Amino acid sequence: MEKESSVTPWEVKGEVDYARLLREFGISPIKELPPQLKDEFLFRRGVIFAQRDLKQILSAIGSKKPFVMMTGMMPTGKFHIGHILVAKQMMLFQKLGAKLYIAVADIEAYLARTQSLETSRQIAINDYILNYIALGLNKENCEIYFQSSRSKNSEKANSFYRLQALLSRYVTFNEFKAIYGDISPGKMSAALLQAADMLHPQLPEFEGQIPVVVPVGIDQDPHLRLARDLSQRIKDYKFVQLSSTYNIFLPGLSGGKMSASDPSSYIALTDTEKEVEKKIKKYAFSGGKDTIAEHRKLGGNPDIDVCFQYLNLLFEEDDKKLASIYNNYKSGKMLSSELKDYTIKKINSFLKEHQKKREEAKKRLGEFIKLN
Ligand code: TRP
């Protein structure tokens, strides 16, 4: 049976065919990396697998020149282990010298998901930002803002919203349709606001012309194409072309993309040990055979096994250990239940640590964002 699949900024359905999307969107795989990046977990494991104009960022890193990492999140649903992939990217770029700009897409959630600004604020602060801090976000060189409230400094705020307004002159309705398919006025406005998110670090009121890298899931690429085009058309400013990196989606428990709107697809960072065990045992798609005898004889398929993907993309740092799990599972020496037990143990030991850090992070929220 052919599963229906579609990838747009506001919906990811079914299996994601990365090769096809790269071709269709005109994104390039990552080829050469400087030695300091090659060995980084996210590149080594292919979590970050594609890019646009990454070269200028790599050369800024190499020559210790300033650059910005700008990204955003729509705080709808619970923060789950799939979100860790983007969070890790933020922190990697921060470590490499980037100044971080992080947008809370509360206006987008209002326009595209009909979620109130207040709900977005609560979820962003008490779940997303809290998790970022617990995962190691550094408050130095890090600016988190809400789309609905860019800055208390009116010069900065004015210039941000001015940019969104001016950009709208340089796009036609047909281009919107070509990039997004069916699109409402609210979503057009959200797309232009996201373009302003990505471009405004380069305004004179912020950093001035500077390379900016935007790490995203591949579903967000239409927004990048729009912003990149508009940035070169608008007459009032000169922008350095945007760079972007693309991270693989963490598969949901039963395949497809892990989705915050489907609790049986995800493991949340607040899940208990028992919940994790139950979810993995009950829902995690297995590449194993139906019976033990068959599995021993024919072996399992780690490449489609969700637990193996979780180890590969997140929880097993040790390359040798990962390779031995791969081989043992494939040969039938390791059973599906054993792979599940190991994965449960890994996730739970991560969550135990993380939940402690989350508690500590509560005291530090105010260092990252204005509360009350
Ligand atoms: N649209 C993004 C999402 O759905 C959130 C977002 C808003 C964003 N502004 C951004 C992402 C700027 C990258 C850069 O998650």
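Quick notes on the rules
- Residues numbered from 1 in each chain as written.
- Predicted model: local features only at pLDDT ≥ 70, side-chain atom pairs only at ≥ 80, totals over all residues.
- Heavy atoms only, no water.
- Phe/Tyr/Trp six-rings, centres within 6.5 Å; stacked < 30°, edge-to-face > 60°.
- Lys NZ or Arg CZ within 6 Å of the ring centre and 35° of its normal.
- Domains from an automatic or database assignment.
- Contact = heavy atoms within 4.5 Å.
- Salt bridge = Lys/Arg side-chain N within 4 Å of Asp/Glu carboxyl O.
- Polar contact = N/O pair within 3.5 Å; in protein donor to acceptor, adjacent residues only side chain to side chain.
- Helix = DSSP H or I, 4+ residues; strand = E, 2+ residues; numbered from the N terminus.
- Nonpolar A, V, L, I, M, F, W, Y, C, P; charged D, E, K, R; others polar.
- 1 Å grid on protein atoms, 1.4 Å probe; cavity = no way out; pocket = protein on both sides within 12 Å on 5 of 7 lines; lining within 4 Å.
- Points joined across faces, edges and corners; volume = space filled by probe spheres on them.
- Axes fitted to C-alpha atoms, helices over the stretch in contact; angles between N-to-C directions.
- Parallel < 35°, antiparallel > 145°, perpendicular 65-115°, else oblique.
- Near = heavy atom within 4 Å.
- Areas by Shrake-Rupley, 256 points an atom, 1.4 Å probe, with all protein chains shown as cover.
- Sits in = over half its atoms within 2 Å of the grid points.
- Expected span 1.5 Å × (residues − 1).
- Buried < 20%, exposed > 50% of the residue type's maximum accessible area, 1.4 Å probe, protein only.

Caption draft 1: Geometry of the packing of aromatic side chains. This structure, assessed with the given rule, holds twelve aromatic pairs. Measuring from ring centre to ring centre gives 5.7 Å for tyrosine 237 and phenylalanine 239, while their planes differ by 40°; the resulting arrangement is tilted. Across from the ring centre of phenylalanine 146, 4.9 Å away, lies the NZ or CZ of arginine 121, which sits over that ring. If you follow arginine 150 out to its NZ or CZ, it ends over the ring of tyrosine 145, 3.9 Å from the centre.

Caption draft 2: Molecular detail of the domain arrangement of the chain. If you check the domain split of the chain, you get domain 1 (6–253) and domain 2 (271–360). Domain 1 puts 19 residues into the contact, and the matching count from domain 2 is 22 residues. Linking domain 1 to domain 2 there are three salt bridges. The interface formed by domain 1 and domain 2 includes twelve residue pairs in polar contact (both at pLDDT 80 or more). Elements with a contribution of two residues or more to the side of domain 1 that touches domain 2: α3 (41–44), α5 (83–95) and α7 (117–135). The element contributing the most residues to the side of domain 1 that touches domain 2 is α7, with six residues. Across the side of domain 1 that touches domain 2, the residue classes break down as twelve nonpolar, three polar and four charged.

Caption draft 3: The arrangement of the layout of surface pockets in detail. Taken as a whole, the largest pocket encloses approximately 930 Å³ of empty space. Across the lining of the largest pocket, the residue classes break down as 22 nonpolar, 14 polar and six charged. Empty space within the second largest pocket amounts to approximately 520 Å³. Surrounding the second largest pocket, 22 residues form its lining, Ile144, Ser149, Arg150, Ile369 and Lys370 being those nearest its centre.

Caption draft 4: Local environment of the packing of α7 against helix α16 (residues 336–362). It is the contact of α7 with α16, at a shortest axis distance of 8 Å, that shows an interaxial angle of 110°. In terms of orientation, α7 and α16 fall into the roughly perpendicular class. Along the contact surface, α7 presents Asn126, Asp127, Leu130, Asn131, Ile133, Ala134 and Leu135, while α16 presents Phe350, His354, Lys357, Arg358, Ala361 and Lys362. Taken together, the residues of the contact of α7 with α16 break down into six nonpolar, three polar and four charged.

Caption draft 5: Structural detail: the site of the ligand. Every one of the 14 residues lining the ligand counts as a neighbour, but Gly72, Glu108, Gln194, Asp197 and Gln220 are closest to it. Contacts to the ligand include glutamate 108, whose side-chain N or O atom sits 2.7 Å from a nitrogen atom. The protein chains hide 91% of the 370 Å² of surface that the ligand would expose on its own. Among the detected pockets, the ligand sits in the largest pocket. Mapped by element, the contributors of at least two residues to the shell around the ligand are β5 (68–73), α10 (185–199) and β8 (212–217). Split into classes, the residues belonging to the shell around the ligand amount to seven nonpolar, five polar and two charged.

Caption draft 6: Helix α11 (residues 221–233), seen in detail. Relative to the 18 Å expected for 13 residues at 1.5 Å per residue, α11 spans 19 Å between its end C-alpha atoms, a close match to the ideal helical length. The element α11 is largely enclosed, with a buried count of ten among its 13 residues.

Caption draft 7: Just empty space enclosed by the protein, in detail. This structure, assessed with the given rule, holds one cavity of 30 Å³ or more. In this model, the largest cavity occupies a volume close to 40 Å³. As for the largest cavity, its lining consists of Ser5, Ser6, Val7, Glu15, Val16, Asp17, Arg20 and Leu21. Looking at the lining of the largest cavity, the elements with two or more residues in it are β1 (6–8) and α1 (18–25).

Caption draft 8: Just the environment of lysine 152, in detail. Note that lysine 152 resides in the loop between β7 (142–146) and α8 (154–167). The exposure class of lysine 152 is exposed, given its relative accessible area of 76%. Each C-alpha atom of the pair lysine 152 and leucine 58 lies 33 Å from the other, and the pair is 94 residues apart in sequence.

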